[in-house]
Amino acid sequence: MNTSSSDKNENLFPELPAEANLPENIDRRTFIIRNAVIGAAAAMTGTVWTTEARAAQAAKEATQKSPLPPLDSTSMSQDLDVVKRSKGPVMTVLDEFYKVGPGPSSSHTIGPMRITYDFYQRCTKLPADQLKQATGLKVQLFGSLSATGKGHGTERAALAGLLGKEPATVDPLFLDEMKEKSDQSYPLKLGDKTFNLSLADIVYDEPKGEFPHPNTMTCKLMGGDKSIYELEYYSPGGGFYEWKGYTPPKKGQPKYPYETMKELRQHAEKNNLSIAQVIMANELAVSGKTEEQINAFLDKIAAAMLATVKAGLEVKEGVLPGPIKLHSKAAEVWKRAQDDKYEADRAVALLSACALAASEENARGHLVITAPTGGSAGVMPAIVYGLTQTKRALPQEKVRQGLLGGAAIGYLCKHNATLSGAEGGCQSEIGVASAMSAAFIASAMDASPLVTENAAESALEHHLGMTCDPVAGYVQVPCIERCAFGAVKAWTAYMIATNEIASRHRVDLDTTIKTLADTGKDMSTKYKETSEAGLAQNLVLC
């Protein structure tokens, strides 16, 4: 009897042992896929490979060319508080999350500025005998901060912080002056010593290496060519920062502890509360502030968002800073939207114009609000403007509800994934901003907790996989237009969520946030705010 082809090849694909030891630093999925490819080749050639031989060849090929990012470029130290905090209930509060500061990036501009301001404050409290030895200050930027810091104005922000400037109150014209007068020195007094600082004191160091976080920097108080006091800092996105040995401040315990959207929604439904009301209750318990204080802060943030949109719309024509020579267009899009000839497109056009306006302000390095980042700072302000400065004219109470609902989604993404483009790609910035904005709309419109979740989920889901590839390292292309698309997607997500039977929505937010985290880990380092691939590589600037 003739042997069938299936009999002939039945041993070409023996299964790997369940507990096969994978080679060090080789991802299991990559290893298994390569092993399967080798097995397929064996089937086509008729050559039988033993399990051990296939495993050895798969390991060799995976080591030679792994599609996954090298571990030293996107992995984070388990000692970082941003990692530890993902293992307990959400403890983030509003004034940590919504921050005002100069664009164009929360991780590369606001974060470094907060870091160097913190270091400056520490230096002012050093013993007099230590300050007597001081001759200057030095900052070293590593990882993504070094790779794309030039386009983000990182050196200007870092120098401003050393000079005692805070992000929320710095005059953007001061930062612009630094750019125009790059050789200028600025006096700094520490104790009885006064010395000059300049942009030369901010050093772009190694862009690649084994760093605790992709956005790592060191600040040093120098005595001649030696460091007499230094500290290592990390800027994990959203304007947050921490340092080596960081201990988080003591906070109260949340009234409704949650780590997932499922838990958050259960609290809301069990207690007949909205998502915004649960977040307010937790804010009161964790921060120790009064409801009046919290509402005053929310009003301040909403006003700042409107101000960024209005400032951007007032710029009728101009070229944004940097080598791209990109012309601003928010005002023109807004103007065209007023023309009755295009009335059918008006709603989308006006929303897009507002997002472009705030994002262009970010590109200019002017003051923006992290919601959750500088690169995505055009998304939520467009929604706030659209809901308050038009015929809808929602009252301030509804805007507060929206900001609370949006924060809930941002908290969860920060807690279980990331807000950093250098860690997770642009899906972590624009994607999260769009999800927050969809939840903002739903919360402001008094939608149920499930509809609010569904709206946020849809917006985030349809940004998954988005890379961060800023051309020339500037937060302009494709970043500015992405804010407009993020705002429109947020509104679309809300409309879909309110026009479907909520219980039939097939994907939950927790699954999508986990996918956000997994996709960020699998994404090539080249697409994580390094400007080494994508549009940053393929667009030729003339």
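Residues numbered from 1 in each chain as written. Predicted model: local features only at pLDDT ≥ 70, side-chain atom pairs only at ≥ 80, totals over all residues. Heavy atoms only, no water.

Visitor: Go over the overall build of the protein, please, and point to the residues and values.
Guide: Helices and strands together make up the secondary structure of the protein, namely 24 helices and 9 strands. Looking at the protein as a whole, 54% of its 542 residues qualify as buried. When contacts within the protein are restricted to residue pairs at least 6 apart in sequence, long-range pairs at least 24 apart make up 77% of them. Counting every atom, the protein has about 24,300 Å² of accessible surface; 51% of that belongs to carbon and sulfur. (Helix = DSSP H or I, 4+ residues; strand = E, 2+ residues; numbered from the N terminus. Buried < 20%, exposed > 50% of the residue type's maximum accessible area, 1.4 Å probe, protein only. Contact = heavy atoms within 4.5 Å. Areas by Shrake-Rupley, 256 points an atom, 1.4 Å probe, with all protein chains shown as cover.)

Visitor: I'd like a description of helix α9 (residues 144-152), backed by residues and values.
Guide: Counting buried positions along α9 gives 7 out of 9 residues, so the element sits mostly inside the fold. Within the sequence span of α9, burial applies to Ser-144, Leu-145, Ser-146, Thr-148, Gly-149, Gly-151 and His-152. Residues of α9 that are buried make contact with α7 (106-124), β2 (136-143), α10 (154-162), β5 (202-204), β6 (215-223) and α19 (421-424).

Visitor: Can you tell me about the packing of aromatic side chains, naming the residues and giving the values?
Guide: Taken as a whole and assessed by the stated rule, the structure comprises 12 aromatic pairs. For the pair Tyr-233 and Tyr-241, a centre-to-centre distance of 6.4 Å together with 50° between the ring planes defines the contact as tilted. Taking the centre distance of 6.3 Å and the plane angle of 70° together, the rings of Tyr-233 and Trp-243 count as edge-to-face. With a gap of 10 residues between them, Tyr-233 in strand β7 (residues 226-237) and Trp-243 in strand β8 (residues 240-243) connect regions that are remote in the sequence. Like Tyr-233, the residue Trp-243 is buried in the burial classification. Joined through ring pairs, the aromatic side chains of Tyr-233, Tyr-241, Trp-243 and Tyr-246 make up one cluster. Positioned above the aromatic ring of Tyr-342 is the side chain of Arg-336, whose terminal nitrogen or guanidinium carbon lies 3.5 Å from the ring centre. Just above the ring of Phe-240 sits the side chain of Lys-414; from NZ or CZ to the centre is 4.4 Å. (Phe/Tyr/Trp six-rings, centres within 6.5 Å; stacked < 30°, edge-to-face > 60°. Lys NZ or Arg CZ within 6 Å of the ring centre and 35° of its normal.)

Visitor: Provide a residue-level description of the nonpolar core, including the pertinent values.
Guide: Core analysis: the biggest nonpolar cluster contains 91 residues, and Tyr-98 and Leu-403 have the highest contact counts within it. It is helix α20 (residues 430-444) that provides the largest number of residues to this core, a total of 11 residues. In this structure, Phe-119, Leu-126, Tyr-186 and Leu-199 belong to the second largest nonpolar core, which totals 38 residues. (Core = buried A, V, L, I, M, F, W, Y, C linked by side-chain atoms within 4.5 Å.)

Visitor: Account for the sheet that holds β6, naming residues and giving values.
Guide: If you trace the 5 strands from one edge of the open sheet to the other, you get β5-β2-β6-β7-β8, paired in mixed fashion. If you trace the sheet from one side to the other, it starts and ends with β5 and β8, each paired once. Averaged over all adjacent pairs, the angle separating strand axes in this sheet is 25°, with direction ignored. Of the pairings in the sheet, the one linking β2 to β6 comprises 8 bridges and is antiparallel in character. Note on β6: the bridge partner recorded for Gly-136 is Met-222. (Pairing = 2+ DSSP bridges. Axes fitted to C-alpha atoms, helices over the stretch in contact; angles between N-to-C directions.)

Visitor: Lay out the environment of Ser-146 in plain terms, naming residues and giving numbers.
Guide: Structurally, Ser-146 is set in helix α9. On the accessibility criterion, Ser-146 (11% relative accessible area) is buried. A C-alpha to C-alpha distance of 6.6 Å links Ser-146 and Glu-206, two positions 60 residues apart in sequence. For Ser-146, the contacting residues outside a window of four places in its chain are Leu-141, Tyr-204, Asp-205, Glu-206 and Pro-207. Among the polar contacts listed, one links the side chain of Ser-146 to the backbone oxygen of Asp-205, at a separation of 2.5 Å. (Polar contact = N/O pair within 3.5 Å; in protein donor to acceptor, adjacent residues only side chain to side chain.)

Visitor: Lay out the pairing of β8 in plain terms, naming residues and giving numbers.
Guide: Side chains Phe-240 and Glu-242 project from β8 onto one buried face, and the interleaved Tyr-241 and Trp-243 project onto a second face that is buried too. Pairing of β7 with β8 involves 3 bridges; the strand directions are antiparallel. From the neighbouring strand, Gly-237 faces β8, where its bridge partner is Phe-240.

Visitor: With reference to specific residues and values, describe the pattern of salt bridges.
Guide: Here the structure, examined in full by the defined rule, presents 15 salt bridges. We note a salt bridge from Asp-518 to Lys-514, for which the minimum N-O separation is 2.7 Å. On the criterion of helical spacing, the pair formed by Asp-518 and Lys-514 is a turn pair, its members being 4 residues apart in helix α23 (residues 509-522). Here the salt bridges do not stand alone but share partners, grouping Arg-265, Glu-269 and Glu-453 into one network. (Salt bridge = Lys/Arg side-chain N within 4 Å of Asp/Glu carboxyl O.)

Visitor: An account of the layout of surface pockets is requested, with residue identities and associated values reported.
Guide: Put simply, the second largest pocket is a space of about 630 Å³. Among the elements of the structure, α6 (94-97), α7, β8 and α14 (291-314) are those that each provide at least two residues to the lining of the second largest pocket. Within the lining of the second largest pocket, the residues separate by chemical class into 15 nonpolar, 1 polar and 10 charged. (1 Å grid on protein atoms, 1.4 Å probe; cavity = no way out; pocket = protein on both sides within 12 Å on 5 of 7 lines; lining within 4 Å. Points joined across faces, edges and corners; volume = space filled by probe spheres on them. Nonpolar A, V, L, I, M, F, W, Y, C, P; charged D, E, K, R; others polar.)

Visitor: Break down the packing of helix α13 (residues 275-287) against helix α18 (residues 396-416) for me, citing the residues and quoting the values.
Guide: The geometry of α13 relative to α18 is characterised by a closest axis approach of 8 Å and an angle of 80° between their N-to-C directions. In terms of orientation, α13 and α18 fall into the roughly perpendicular class. Side by side, α13 and α18 meet where Ile-275, Ala-276, Ile-279, Met-280 and Glu-283 of the first sit next to Gln-401, Leu-404, Gly-405, Ala-408 and Tyr-411 of the second. Partitioned by chemical class, the residues of the contact of α13 with α18 number 7 nonpolar, 2 polar and 1 charged. (Parallel < 35°, antiparallel > 145°, perpendicular 65-115°, else oblique.)

Visitor: I'd love a proper account of the environment of Asn-454, names of residues and values included.
Guide: You can see Asn-454 is positioned in helix α21 (residues 449-461). Among the residues examined, Asn-454 registers a relative accessible area of 3% and is labelled buried.

Visitor: Got a sec to walk through the environment of Leu-298? Specific residues and values, please.
Guide: The topology assignment puts Leu-298 in helix α14. We classify Leu-298 as buried; its relative accessible area is 0%. Spatially, the C-alpha atom of Leu-298 lies 9.5 Å from that of Gln-396, the residues being 98 residues apart in sequence. Ignoring anything within four residues of it in the chain, the contact list for Leu-298 reads Leu-94, Arg-400, Leu-403 and Leu-404.

Visitor: Please give an account of the confidence of the model for the protein that cites residues and values.
Guide: Per-residue pLDDT for the protein averages 89, and the proportion of residues at 70 or more is 84%. Under a pLDDT of 50 for its full length, residues 62-73 has, in the predicted model, 25 contacts with residues more than four places off or in other chains. (pLDDT = per-residue confidence, 0-100.)

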